[in-house]
There are 2 protein chains.
Amino acid sequence: LYYTAKHQVCHAATLKLDSSKWMSEPLTDLNTLEKNQNDMKCRVEAMIMRIQADVCHALEELEPEGDKFLVDKWHRAEGGGGVTCVLQDGVTFEKAGVNVSVVHGTLPPGAVQQMKSRGKNFKSQTLPFFAAGVSSVIHPRNPMVPTMHFNYRYFEVVDEGGKRIWWFGGGADLTPYYLDEKDAKHFHKTLKGACDKHDKGYYPRFKKWCDEYFFIKHRGMTRGVGGIFFDDIDEPSQDKCFKFVESCGDAIVPAYIPIVQKNKNSGYGYAERQWQLIRRGHYAEFNLIYDRGTKFGLQTPGARYESILMSLPLNAKWEYRHEPKPGSLEAKLTEVLKKPREWV
Amino acid sequence: LYYTAKHQVCHAATLKLDSSKWMSEPLTDLNTLEKNQNDMKCRVEAMIMRIQADVCHALEELEPEGDKFLVDKWHRAEGGGGVTCVLQDGVTFEKAGVNVSVVHGTLPPGAVQQMKSRGKNFKSQTLPFFAAGVSSVIHPRNPMVPTMHFNYRYFEVVDEGGKRIWWFGGGADLTPYYLDEKDAKHFHKTLKGACDKHDKGYYPRFKKWCDEYFFIKHRGMTRGVGGIFFDDIDEPSQDKCFKFVESCGDAIVPAYIPIVQKNKNSGYGYAERQWQLIRRGHYAEFNLIYDRGTKFGLQTPGARYESILMSLPLNAKWEYRHEPKPGSLEAKLTEVLKKPREWV
């Protein structure tokens, strides 16, 4: 990594990494990763490769006909690359994507702009940067199973004065088509548990941030029943931030998999499928109009758009003036989306 | 209109308007419209009401089972309103929308920003404005019939010094799923005819502008085979600009209807429908990520999002890493989208 060599001194700190279950070789040579586990860039890469594998294997176990993730390792001409895993047209999952990316280079003004709105104020138009993250959107086939998204990321940029600035960001949120309050509670409770281990103030703050961030402004409603969302985390120490984010990553499987298991064989019909498709249209609207990650991705030169747009549903529908019938289950969900609730 | 009273002196200039075929009453009282045909705001409103009706009636004639447009007249609390006409789930048209809007009030910074990128440089953060336009997207059911979009609009703003600034904008473009060169030529030739009546330099300039504007940057390809696109037109006179835009509006029916008639009963199967859905996903991407009209609309306070998002297809599909087979008709179209052609 030219970035490492130029901006940071790495001391030898070898840790044996168990890469046997990873979905692919890491972007950085395994030997280099092992030798540099005191460099946060390497430590994050190993962590996201492991979380990707844990999530993919847990999802594959729910596929009765043995559908497996397709694994695409890709390289970015401008620096770095990624491992995109997609399971499409499965029995349980209509489209599930779990993407790792580890990229570095120079950020153009458009992408810097997306970061500025994250509270970072950089004067220069372009910036040397490093970004590594795991991001995922799971769209199940059965409308009784919610869609789930998570993303954990680590950033480093070098400002005008040559100073290295780093931060973590991330979150996880649940988008049900039919509201099962027990499921929403379980999801939130599990994430709260991961947060509480590090700071009792995290969950309430990040739960609120999530409701605010995943908000479809023109519809006046949230994308789903939320979860957690945080950005610009750089306190109290790099090590503590890492451990917090790792806990959040490890909470994904216990937060989501039981919800899939419980509902994946529930009965449904044409009407429920239609509502799911309408709501998937709302999901696509959020991702394409508002999501900063999508905008940041598409504005990064040499971005692999297929990996960025992996979050879009396999199928979506836009009916003019579609409105749920008063009193229906669809209307009940919509009310909760218009007025976010506390779940724990 | 408070705007009229405040910023412009209107002289009586009565012209009998034939509103018998319009889809609804106009936004402005018919009597007022008739009396003020020397006020461009009234003249444009009458013109777009007529064009909306002409297009809707021509489309309805192609519906073998008599499907008709649903007509929604709506009012905007902040000033003005619109007439949204939608024909959904027809035999010929899967989703066709023709929308008139006549709005005025104060533009917020976000919307001013969208105008600034149109070459207008306004210093103030908010601006008094008037905007009237007709916009339409027609998504036919048969994949052998292209999607067509058009939009013609008139803007007035009052700058810091109290000066009234006006301009016209608009365009029309064709998005085939399977390329029929004769159809592309016919569409372009008809639009060129409308342009040439006013200025021989218009078509080549606006054809190029169209290819540049309707460009899906992350995919490196245009939305379709183009047409014309123009903005900030304010020369040589307001009257001449109006007449040019009116000619473009009148060119829609002869440019598009024969293409629908010719192809609407063509045979197709599952594969062609799938490709149409994939391409409709690209269409939604353009509208939600790049289209300034959509962004401008969603950022205008009190906007009716249902009318703005009427442009989205009834159904769309996002398959991970979908690529047309080399040598196929789908690949042939993609080549043209990556390298726009001259059609006349």
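Whatever comes next refers back to the structure up there.
Now for a quick tour of the structure. Note that the structure is predicted; figures quoted are calculated from it, not measured.

### A look at the overall build of chain A
Here is step 1 of the chain: When helices and strands are counted, chain A shows twelve helices and ten strands.
Here is step 2 of the chain: The C-alpha radius of gyration of chain A comes to 20 Å, within 12% of the 20 Å expected for a compact globule of 344 residues.
Here is step 3 of the chain: Oriented by its inertia axes, the alpha-carbon framework of chain A measures out at about 60 × 45 × 40 Å.
Here is step 4 of the chain: Taking as baseline every contact in chain A between residues at least 6 positions apart, the subset at least 24 positions apart corresponds to 71%.
Here is step 5 of the chain: Accessible area for chain A stands at about 13700 Å²; split by element, carbon and sulfur atoms hold 51% of it.
Here is step 6 of the chain: For chain A, the distance from the average position of its 48 positive side-chain charges to the average position of its 43 negative side-chain charges is 4 Å.

### A word on the environment of Val253(A)
Here is step 1 of the chain: Looking at where Val253(A) falls in the secondary structure, it is placed in helix α8 (residues 252-263).
Here is step 2 of the chain: When neighbours within four sequence positions are excluded, Val253(A) is seen to be in contact with Asp54(A), Val55(A), Ala58(A) and Pro258(A).

### Observations concerning unusual backbone geometry
Here is step 1 of the chain: Cis rather than trans, the peptide bond between Glu235(A) and Pro236(A) has omega equal to -5°.
Here is step 2 of the chain: Among the secondary structure elements, Pro236(A) is positioned in the loop between β9 (226-233) and α7 (238-250).
Here is step 3 of the chain: Phi is positive for Asp232(B), which is not a glycine, with a value near 55°.
Here is step 4 of the chain: Along the chain, the position of Asp232(B) falls in strand β9 (residues 226-233).
Here is step 5 of the chain: Judged by its relative accessible area of 22%, Asp232(B) is partly exposed.
Here is step 6 of the chain: In the Ramachandran plot, Arg321(B) falls in the positive-phi region, its phi being about 55° despite a non-glycine side chain.
Here is step 7 of the chain: Relative accessible area serves as the criterion here: at 38%, Arg321(B) is assigned to the partly exposed category.

### Quick look at the interface of chain B and chain A
Here is step 1 of the chain: With 28 residues of chain B in contact, the opposing surface of chain A contributes 28 residues.
Here is step 2 of the chain: Both faces considered, chain B and chain A share a buried interface measuring about 2900 Å² in area, 58% of it formed by carbon and sulfur atoms.
Here is step 3 of the chain: At the boundary of chain B and chain A, one finds two salt bridges.
Here is step 4 of the chain: For the salt bridge of Asp72(B) with Arg321(A), the shortest nitrogen-to-oxygen distance reads 2.5 Å.
Here is step 5 of the chain: For the pair chain B and chain A, the number of links is 15 residue pairs in polar contact (both at pLDDT 80 or more).
Here is step 6 of the chain: Take the side of chain B that touches chain A: its biggest share by element is four residues, from helix α9 (residues 270-290) of chain B.
Here is step 7 of the chain: Counted by class, the side of chain B that touches chain A contains 14 nonpolar, five polar and nine charged residues.
Here is step 8 of the chain: One ladder, built from three bridges, connects strand β10 (residues 315-317) of chain A with strand β10 (residues 315-317) of chain B; its direction is antiparallel.

### Focus: the packing of aromatic side chains
Here is step 1 of the chain: Counting across every chain of the model gives 41 aromatic pairs over all chains.
Here is step 2 of the chain: Taken together, a centroid distance of 4.4 Å and an interplanar angle of 50° make the contact between Tyr202(A) and Phe244(A) tilted. With a gap of 42 residues between them, Tyr202(A) in helix α6 (residues 202-213) and Phe244(A) in helix α7 connect regions that are remote in the sequence. No difference in accessibility class separates Tyr202(A) from Phe244(A), as the two residues are buried.
Here is step 3 of the chain: Taken together, a centroid distance of 5.9 Å and an interplanar angle of 75° make the contact between Trp209(A) and Phe229(A) edge-to-face. Remark: Phe229(A) occurs in strand β9 and Trp209(A) occurs in helix α6; sequence separation between them is 20 residues.
Here is step 4 of the chain: Taking the relative accessible area as the measure of exposure, Phe229(A) reaches 5% and is therefore buried.
Here is step 5 of the chain: Among the aromatic residues, those joined into a ring-pair cluster are Phe150(A), Tyr152(A), Tyr202(A), Phe206(A), Trp209(A), Tyr213(A), Phe214(A), Phe229(A), Phe230(A), Phe244(A), Phe286(A) and Tyr290(A).
Here is step 6 of the chain: The cationic tip of Lys41(A) hangs over the ring face of Phe130(A); the distance from NZ or CZ to the ring centre is 5.9 Å.
Here is step 7 of the chain: Between the NZ or CZ atom of Arg43(B) and the centre of the ring of Phe242(B), over which it lies, the distance is 4.1 Å.

### A few points about the layout of surface pockets
Here is step 1 of the chain: As a volume, the largest pocket reaches approximately 1400 Å³.
Here is step 2 of the chain: Contributions of two or more residues to the lining of the largest pocket are made by α4 (109-116), α9 (270-290) and α10 (292-299) of chain A together with α4 (109-116), α6 (202-213), α9 and α10 (292-299) of chain B.
Here is step 3 of the chain: Split into classes, the residues belonging to the lining of the largest pocket amount to 17 nonpolar, 13 polar and eight charged.

### A short note on the relation of the copies chain B and chain A
Each of the two chain copies goes to the other by way of a rotation about an axis and a shift along it.
Here is step 1 of the chain: Rotating chain B by 180° about the axis while translating it 0.0 Å along that axis superimposes it on chain A, leaving an RMSD of 0.0 Å. The superposition of one copy onto the other is thereby described by a two-fold rotation axis.
Here is step 2 of the chain: With an isologous cut-off of 70% or more, the 100% of interface residues of chain B that recur at the interface of chain A puts this contact in the isologous class.

### A short note on the pattern of salt bridges
Here is step 1 of the chain: Going through the model one piece at a time under the given rule, you end up with 50 salt bridges over all chains.
Here is step 2 of the chain: Across the pair Arg50(B) and Asp250(B) runs a salt bridge, and its minimum N-O distance is 3.0 Å. Highlighted residues: Arg50(B) in helix α3 (residues 40-60) and Asp250(B) in helix α7 (residues 238-250), separated in sequence by 200 residues.
Here is step 3 of the chain: When its relative accessible area of 26% is taken as the criterion, Arg50(B) is described as partly exposed.
Here is step 4 of the chain: Ionic pairing is found between Arg223(B) and Asp173(B), a salt bridge with its closest N-O pair at 2.8 Å. Of this pair, Arg223(B) sits in the loop between β8 (221-222) and β9 while Asp173(B) sits in strand β6 (residues 164-175); the two residues are 50 residues apart in sequence, bridging distant segments of the chain.
Here is step 5 of the chain: Asp173(B) sits in the buried class, given a relative accessible area of 0%.
Here is step 6 of the chain: Ionic contacts of the salt-bridge type, sharing partners, join the residues Asp39(A), Lys41(A), Glu156(A) and Arg164(A) into one network.

The rules behind the values
Residues numbered from 1 in each chain as written. Chains lettered and ligands numbered in written order. Predicted model: local features only at pLDDT ≥ 70, side-chain atom pairs only at ≥ 80, totals over all residues. Heavy atoms only, no water. Helix = DSSP H or I, 4+ residues; strand = E, 2+ residues; numbered from the N terminus. Rg over C-alpha atoms; globule rule 2.2 N^0.38 Å. Contact = heavy atoms within 4.5 Å. Areas by Shrake-Rupley, 256 points an atom, 1.4 Å probe, with all protein chains shown as cover. Lys, Arg positive; Asp, Glu negative; His and termini not counted. Charge placed at Lys NZ, Arg CZ, Asp CG, Glu CD. Buried < 20%, exposed > 50% of the residue type's maximum accessible area, 1.4 Å probe, protein only. Buried area = accessible area lost by both parts, 1.4 Å probe. Salt bridge = Lys/Arg side-chain N within 4 Å of Asp/Glu carboxyl O. Polar contact = N/O pair within 3.5 Å; in protein donor to acceptor, adjacent residues only side chain to side chain. Nonpolar A, V, L, I, M, F, W, Y, C, P; charged D, E, K, R; others polar. Pairing = 2+ DSSP bridges. Phe/Tyr/Trp six-rings, centres within 6.5 Å; stacked < 30°, edge-to-face > 60°. Lys NZ or Arg CZ within 6 Å of the ring centre and 35° of its normal. 1 Å grid on protein atoms, 1.4 Å probe; cavity = no way out; pocket = protein on both sides within 12 Å on 5 of 7 lines; lining within 4 Å. Points joined across faces, edges and corners; volume = space filled by probe spheres on them. Least-squares fit on C-alpha atoms with pLDDT ≥ 70 in both.

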